[in-house]
Amino acid sequence: MLVSKSTNEKNVSQMFFKLFEQLQEEFESTLAPLEEQNWIQSQVAKITSSIYKTENFADLAQTLLSAIASPLNTGQSSFYMVDKNEKLLLIGGYGFLVTKDNLNYQLEIG
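Residues numbered from 1 in each chain as written. Predicted model: local features only at pLDDT ≥ 70, side-chain atom pairs only at ≥ 80, totals over all residues. Heavy atoms only, no water.

Caption draft 1: Summary view of helix 2 (residues 57-69). For helix 2, spanning 13 residues, the distance from its first C-alpha to its last is 18 Å, which sits close to the expected 18 Å at 1.5 Å a residue. Those residues of helix 2 that sit buried are Ala61, Leu65 and Ala69. Along helix 2, the residues classed as buried sweep out an arc of 35 degrees about the axis, all on the same side. Where helix 2 is buried, its residues contact strand 1 (77-82) and strand 2 (87-94). The residue sitting at the N-terminus of helix 2 and contributing the capping side-chain oxygen is Asn56; that oxygen lies 3.1 Å from the backbone nitrogen of Ala58. (Helix = DSSP H or I, 4+ residues; strand = E, 2+ residues; numbered from the N terminus. Expected span 1.5 Å × (residues − 1). Buried < 20%, exposed > 50% of the residue type's maximum accessible area, 1.4 Å probe, protein only. Arc of directions from axis to C-beta. Contact = heavy atoms within 4.5 Å. Polar contact = N/O pair within 3.5 Å; in protein donor to acceptor, adjacent residues only side chain to side chain.)

The structure is reproduced here in structure tokens:
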């Protein structure tokens, strides 16, 4: 009878341990998306706040690219606008120096 009780105690202990592991896995799988969602919402708030401070398209492009490039681990990015001649006009970038020489650089669409 004593052996049986010890076996039952081990079984109960194992059941609780398995239950605890399952609860921990469920908690972690629920927590990860919430943390990701909070991170995304935080980044969107930062971007939105910084966009309101821009005064022109070049500032907007630079601010937007700077805000999204780092969290997305982007090495370089460019922001083009379509001009009245339907050409792509470089107005901002991240990861390279935008100077007067390459600002307003134009590309043909297509």
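Moving on from the coordinates now.
Caption draft 2: Spotlight on the pairing of strand 2. The sheet contact formed by strand 1 and strand 2 spans six bridges and is antiparallel. Bridge assignment links Met81 to a residue of strand 2, and that residue is Leu89. Hairpin connection between strand 1 and strand 2: a loop of four residues separates the two successive antiparallel strands, and Glu86 in this loop has a positive phi of roughly 60 degrees. In this sheet, strand 3 (residues 106-108) lies alongside strand 2 in antiparallel orientation, the contact comprising three bridges. (Pairing = 2+ DSSP bridges.)

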